[in-house]
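Notes for the structure review
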Amino acid sequence: MPFDQSCETTPADVPAKPPRAAHLLVVVAVLAALAMISPLASLQYGFAVFGGILMCLAAFLKIADLNAGRVNSRLCQNARRVIMHDVGIGFVTDGSCVVQYANEGAHDRFGDTRGRSLAVVFELMLANPGSVLSQVMSQASETGAQTEDIVTRGGHFRLRLLIMAKNCQLWWLDDLSQTGTGGVKRRQNPAFPMVSVAPDGWIISMNDSFRGLVGAVPKRLEEVFAEVPLRSGQMHDLRGVERTVSVMVAVVEGKDTAHDIYLLPGNGAAPMPPQLGAGWDAIEDLPVPLLKVAQDGALLGSNREARKLLDIGPARKLHLADVLTDPGRPINDWLAEALSGRAGNVSQVLHGRGDKQDIFVQVTLNTAGGPDDVHLVAVLNDVTELRSLELQFVQSQKMQAIGQLAGGVAHDFNNLLTAISGHCELLLCSHDEHDQDYGDLIQIHQNTNRAASLVGQLLAFSRKQNLHLETIDLRDTLSDLTHLLNRLVGEKVTLTLDHDPQLFHIKADKRQLEQVLMNLVVNARDAMEGAGGIRVITKNTRLVKAMHRDRATIPAGDYVLVKVIDEGQGIPADQLTKIFEPFFTTKRTGEGTGLGLSTAYGIVKQTGGYIFVDTVVGEGTTFSLFFPSHVAGEKAPAKPAPAATPRIKTSAEGVVLLVEDEAPVRAFATRALRLRGYTVLEADHAEAALEMLANEDLHVDVFVTDVIMPGLDGPTWVRQALVKRPDTKVIFMSGYPEDAFDDGQPEVLGAAFLPKPFSLSDLTDAVQDQLQAVPELTEP
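These numbers were taken from a predicted model, which means no experiment stands behind them. (Residues numbered from 1 in each chain as written. Predicted model: local features only at pLDDT ≥ 70, side-chain atom pairs only at ≥ 80, totals over all residues. Heavy atoms only, no water.)

**Let's talk about the pattern of salt bridges**
Condition: Should a side-chain nitrogen of Lys or Arg be within 4 Å of a carboxyl oxygen of Asp or Glu, the pair is scored as a salt bridge. Here a strand is any run of E in DSSP of at least two residues, a helix any run of H or I of at least four, and the numbering for each starts at the N terminus. The buried label applies to any residue whose accessible area, calculated with a 1.4 Å probe on protein chains only, is under 20% of its type's maximum; exposed applies above 50%, and partly exposed to all values in between.
Applying the stated criterion to the full structure yields eleven salt bridges. Ionic pairing is found between Arg 666 and Glu 682, a salt bridge with its closest N-O pair at 3.4 Å. You can see Arg 666 sitting in helix H16 (residues 663–675) and its partner Glu 682 sitting in strand E26 (residues 679–683), a full 16 residues away along the chain. Here Arg 666 falls in the buried class, since its relative accessible area comes to 15%. The salt bridge involving Lys 756 is made with Asp 706; its shortest N-O contact spans 3.6 Å. Here Lys 756 is found in the loop between strand E29 (752–755) and helix H19 (760–772), whereas its partner Asp 706 is found in strand E27 (residues 702–706), with 50 residues between them in sequence.

Structure follows, in structure tokens:
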């Protein structure tokens, strides 16, 4: 299909090319003149015949041109009918890209374009429109149609061309930056000035009302407004044609990162331009939720978007307090501040009332109306999703802070408990059961152990306890626990176990896992008030893709799923977010510590698992635990166990260098070791220990050191000391778990770890085991 492929900027008054028939008539006229002046009759006859033939051909071409013109005219009329009622932007042009017709959408977007080159029309939108249009036409030359996607700083566009005839072309422009998922363009309300802006501030389009306010065609938002970024619902100064105008701005978030900015009337202090004089009824179709609020808080009006957001009817007489909660003070005080200008256009995030209690709405108030009709315009913005994410983040930070606090408190308590229980044991060594103080000492010792158990639960929540991981079959673990669990739940509660016969193994600390299961079962029993049924279900589950739930993301893979299901009263929604917090309990004082679920949470997370809760008030609760499956490797042949060496309980020999910054713990440990016959050298910090070891004549058999101390920590000073004393044994002691001290340095080989709080026998046995330990010989 031959046509002129040039579509560069073309003036509208370029004369049209003369038709082909006119060219032939000129040739005939020349031949007639030659025939008249020719002296030979034969030449005259020849010129006359040839001229007659050309005359006939010219007549034929004239008729053909007339028919082609009629066909082209009909095609152009049909093309106009095609795009006349199209909701998008459409043009009919001739072969040189000069606009012959533009539909309503094109007129709203670009103004009057008739007689202008399409390259000039697209000049604001495209950097090199002539080149783009020529390329599209060139690609359409074979098939007669072409579609081209164009991405610019101003947005994402789709340009479509259909060539109906040589001088009849249909062009469509789809602004993908302003369409939804279905490709339907968002409605623009012509009563209010509106401008569409890309995320980087480039202006994509504007309607006639906005164009009338600003006059020239700006390219960036900062050319229009004195201050950016714009805040929805607040007043901003707009640089108008004649003066700066104070206008209220409403910003609508687009689905494709674009923003539609609508201008609303200000406070009426200055006369508004005609473009901002639309009445309140004009906001009905505005895609911004708006409320008209009286001075006493009564709702005088609302648009469709606001009624949809708040779920209110158009005819209901309501107060603002009926649909939104107060902002932490009486709502009338807030309205009075806004009317007097003391509120400073500060937005408030309010909670919905009634049937819309699950939404959060950002409300910005501005005064509007004349002296006789002063009222407030409330610009609403649904921030439910943002608020939900914010609350989740705050809850996550809160749990992390509680965990850090619990870990730090537990470490300090472990030091205190080590000193208390240790000195209590020393007193018990000098008292027998017939002594009148013996019972008191036993009570102190037992309650110290209870306190140590609570500290252990705090460490479990903060995921800073010592775990002894092993491969576990949950069927065996639950089978061993069945008798104890049945005793815990009582006779009126039925406990049912349901196992997958092909259940995968997991890797966990068996003792801690048993604690988790017991805590969940006891919680289920209490939720049913002592009567009902509890089901514990284990099964394999495979996640083909990552599962996102609550604030967690479970990677794809194989898992063992454990469910603990009760028939209790369920958990109210206001308590659901707090159940894993330490010391949160709904039981009466003295019936629980509030550490059961927080302990379970910490153990599961430290094991690498996930715990979730589903509940229906009045029906029951289900706790779901996901543990990564573990495939045990091939077991190495078991080595024969070495013969047990009896421990010496009466007296021992050896020199112990004890390094501990806590004086009570150091005093207890020193007395305990000396009671067993060891020679003890004391140091209250690492630098003092290294200074003592500088004496090469000093013999030391064992280093017993705290890990966290002022100055050099335990592993650091031990590594320095072992350079000159490589055969010295090492024992680290700490209130933190063993794996909390990975500082990236080489591990101290052969070192033992003694967790706090420890007993007298724990300490002396650890020292004796280290002294009697024989290095393993590597096989040749």
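**With respect to the packing of aromatic side chains**
What counts is decided by this rule: What counts as a ring pair is set by centres within 6.5 Å for rings of Phe, Tyr and Trp (its six-membered ring), and what kind of pair is set by the plane angle: stacked under 30 degrees, edge-to-face over 60, tilted for all other angles.
Under the defined criterion, the tally for this structure stands at seven aromatic pairs. Summarising the aromatic geometry, the rings of Phe 91 and Phe 122 are spaced 5.9 Å apart at their centres and angled 75 degrees between planes, so their arrangement reads as edge-to-face. Within this pair, whereas Phe 91 is found in strand E1 (residues 89–93), its partner Phe 122 is found in the loop between helix H4 (118–121) and helix H5 (129–139), the two being separated by 31 residues in sequence. In terms of burial, Phe 91 and Phe 122 fall into one category: buried. Relative to Phe 122, the ring of Phe 110 has its centre 5.8 Å away and its plane inclined at 55 degrees; by these criteria the two rings are tilted. Of this pair, Phe 110 sits in helix H3 (residues 104–110) while Phe 122 is found in the loop between H4 and H5, placing the two residues twelve residues apart along the sequence.

**Regarding unusual backbone geometry**
Along the chain, Val 228 connects to Pro 229 via a cis peptide bond; the corresponding omega equals 5 degrees. Summarising the element assignment, Pro 229 is placed in the loop between helix H6 (208–214) and strand E8 (235–239). With an omega dihedral of -5 degrees, the bond running from Lys 756 to Pro 757 counts as a cis peptide bond. Residue position: Pro 757 is located in the loop between E29 and H19. Unlike most non-glycine residues, Cys 97 shows phi in positive territory, near 70 degrees. Given the relative accessible area of 0%, Cys 97 is considered buried. Despite not being glycine, Asp 311 shows a phi value in the positive range, around 60 degrees.

**Notes on the environment of Asp 285**
With respect to the element layout, Asp 285 can be found in the loop between strand E10 (259–264) and strand E11 (290–293). Note: C-alpha distance between Asp 285 and Glu 305 (20 residues apart in sequence) is 7.9 Å.

This is a description of form; function is not addressed.
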